[in-house]
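One-letter residues, chain by chain:
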Amino acid sequence: MKFVFTTIARLLGLSALTVSLPALATTVQFQTSMGDFEVVLYDQGTPATVANFLAYVEAGDYTDTIIHRSVDSFVIQGGGYVFAESGAPDAIDTRDPVVNEPVYSNVRGTIAMAKVSGLLNSATSQWFINLSNNSFSLDPYNRGGFTVFGEVAEGGMSIIDSIAAVDVFDMGTGFDEIPLVDYTEEDYNNQIDPTADNAVTVYTIVVTDADPDSAADLDPVPNNLYEEPTPTPTPTPSSGDGGGGGFPYALLLLLGGLSLVARKGSHNS
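Quick notes on the rules
Residues numbered from 1 in each chain as written. Predicted model: local features only at pLDDT ≥ 70, side-chain atom pairs only at ≥ 80, totals over all residues. Heavy atoms only, no water. Helix = DSSP H or I, 4+ residues; strand = E, 2+ residues; numbered from the N terminus. Buried < 20%, exposed > 50% of the residue type's maximum accessible area, 1.4 Å probe, protein only. Areas by Shrake-Rupley, 256 points an atom, 1.4 Å probe, with all protein chains shown as cover. Phe/Tyr/Trp six-rings, centres within 6.5 Å; stacked < 30°, edge-to-face > 60°. Lys NZ or Arg CZ within 6 Å of the ring centre and 35° of its normal. Core = buried A, V, L, I, M, F, W, Y, C linked by side-chain atoms within 4.5 Å. Contact = heavy atoms within 4.5 Å. Salt bridge = Lys/Arg side-chain N within 4 Å of Asp/Glu carboxyl O. Pairing = 2+ DSSP bridges. Expected span 1.5 Å × (residues − 1). Polar contact = N/O pair within 3.5 Å; in protein donor to acceptor, adjacent residues only side chain to side chain.

Colleague: For this particular structure, what's the right way to read the overall build of the protein?
Modeller: Within the protein, the regular secondary structure consists of 6 helices and 15 strands. Taken over 269 residues, the protein has a buried fraction of 49%. Per element, the accessible surface of the protein, about 12300 Å² overall, is 53% carbon and sulfur.

What follows is the structure in structure tokens.
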């Protein structure tokens, strides 16, 4: 529980010398329709974000969620939606936003939290995995960068790359880069609706290793491009954010020709 007190200390602006931080690390396994891979979390460097992510894991909120966005040589994104037989995917219920912790860089193989465009502390459930070194485009931007909170374990990027290789389609209502397996241009042109079998699905995420030394050999790249933003209040999600009700539309944040990672689920995203 010491990392919880450390997070509180950070929020209150207390000196790091007044608290001690254990070298905790957690490994989780993503079990997907395209294979399983493990992610080692940075419990020590990003405690609030890891605690937030594990709360979703332990509650089973990521069960049968889909990869709802895939951008070639950029990111794959998930953690927000489940497949719906008709219409847009259904949004999962989300918790309060978590404080931003831009400690580490968005290099290939890292996992980070998606945010609402322009809002500092706005990450909830959605995560993305970097397919390339996105440090220049992501580390300094969208009000304080994006919290990198873990990395794909050895061998896991082969699964990630296979997911990234799946053809993407514009299914409307904000889902314009959704990967679909065994779904063709002919199917799309004939307006054949995809089924759950076509979605890239995360069946579940489970903790496989809570050994405090599981991240002992890791050497995360620091975020050296981050600049402290002007403080703003933590946003309150709109009534359309989360929940399985009406689908909240999304806008993509564009900067210098690069599509940055915005969390779907708000008209401000």
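Read on, since the account is not over.
Colleague: Could you clarify how one ought to interpret the packing of aromatic side chains in this entry?
Modeller: Given two aromatic rings, one states the distance between the centres and the angle between the planes to describe the pair. Per the stated rule, a full pass over the model turns up 11 aromatic pairs. Ring geometry for Phe53 versus Tyr62: centroids 5.4 Å apart, planes at 35°, classification tilted. Of the residues examined, Phe53 reaches a relative accessible area of 0% and is grouped as buried. Here the aromatic residues Phe30, Phe37, Phe53, Tyr56, Tyr62, Trp127 and Phe149 are joined through ring pairs into a cluster of three or more. Geometry around Tyr56 places Arg95 over its ring, the cationic atom sitting 4.6 Å from the centre.

Colleague: Where do I start with the nonpolar core in this structure?
Modeller: A general trend in soluble globular proteins is that nonpolar side chains are found buried together. By size, the foremost hydrophobic cluster in this structure holds 31 residues, and its most contacted members are Phe30, Phe53 and Trp127. Counting only elements with at least two residues in this core, the list comes to strand E1 (26–32), strand E2 (35–41), helix H2 (47–59), strand E8 (110–113), strand E9 (127–130), strand E10 (148–152), helix H5 (157–164) and strand E13 (201–209). If one sorts the elements of this core by residue count, H2 sits on top with 6 residues. In this structure, Phe53 is in contact with Val28, Phe30, Leu41, Tyr62, Trp127, Phe149 and Ile205, ignoring residues within four places of it in sequence. Grouped together as the second largest cluster of nonpolar side chains are 11 residues, Tyr42, Phe74, Val75 and Leu138 included.

Colleague: Before we go on, may I ask you to explain the pattern of salt bridges in this structure?
Modeller: Oppositely charged side chains are able to pair whenever their charged atoms sit close together. According to the stated counting rule, one finds 3 salt bridges in the structure shown. With a shortest N-O distance of 2.7 Å, Arg95 and Asp61 are connected by a salt bridge. Here Arg95 is found in the loop between strand E7 (90–91) and E8, whereas its partner Asp61 is found in the loop between H2 and strand E3 (65–66), with 34 residues between them in sequence. For Asp61, a relative accessible area of 23% translates into the label partly exposed. The partner of Asp161 in a salt bridge is Arg108, and the shortest N-O contact between them spans 2.8 Å. With Asp161 in helix H5 and Arg108 in the loop between E7 and E8, this residue pair connects regions lying 53 residues apart in the sequence. Using a relative accessible area of 32% as the deciding quantity, one classes Asp161 as partly exposed.

Colleague: How do you make sense of the pairing of E8 when you look at a structure like this?
Modeller: Consecutive side chains along a regular strand alternate between the two faces of the sheet. Burial along E8 is two-sided: Thr110 and Ala112 and Ile111 and Met113, pointing in opposite directions, are all buried. By the bridge criterion, 3 bridges tie E8 to E10 in an arrangement that is antiparallel. Bridge pairing in E10 places Ala112 opposite Val148. With 3 bridges joining them, E8 and E9 adopt antiparallel strand pairing. The partner of Ala112 across the bridge, within E9, is Phe128.

Colleague: Would you mind going over the environment of Arg69 with me for this structure?
Modeller: Tracing the chain through its elements places Arg69 in strand E4 (residues 69–71). Residues Arg69 and Glu177 lie 108 residues apart in sequence; the distance between their C-alpha atoms is 5.0 Å.

Colleague: Honestly, H2 in this entry has me stumped. Any pointers?
Modeller: Each α-helix turn comprises 3.6 residues. Residues three or four places apart therefore point the same way. Between its first and last C-alpha atoms H2 spans 18 Å; for 13 residues at 1.5 Å apiece the expected length is 18 Å, and the two agree. Inspection of H2 places Pro47, Ala48, Thr49, Val50, Asn52, Phe53, Leu54, Tyr56 and Val57 among the buried residues, and these make up the whole buried set. Where H2 terminates, the next one or two residues include Gly60, which has phi positive at roughly 75°.

Colleague: What exactly am I supposed to notice about the side chain of Thr65 here?
Modeller: Within the element layout of this structure, Thr65 appears in strand E3. Judged by relative accessible area, which is 0%, Thr65 ranks as buried. Separated by 2.8 Å, the side chain of Thr65 and the backbone oxygen of Tyr62 make a polar contact. Discounting chain neighbours no more than four positions away, the residues touching Thr65 are Tyr81, Val82, Ile92, Val200, Thr201 and Val202.

Colleague: Please clarify how unusual backbone geometry should be interpreted in this entry.
Modeller: A negative phi holds for most residues other than glycine; trans holds for most peptide bonds. You will see that Asp182, though not glycine, has its phi angle at about 55°, which is positive. Take Asp182: it is sitting in the loop between strand E12 (178–179) and helix H6 (185–189). A relative accessible area of 72% means that Asp182 is categorised as exposed. Residue Gln191 is not a glycine yet carries a positive backbone phi of 55°. Note that Gln191 resides in the loop between H6 and E13.

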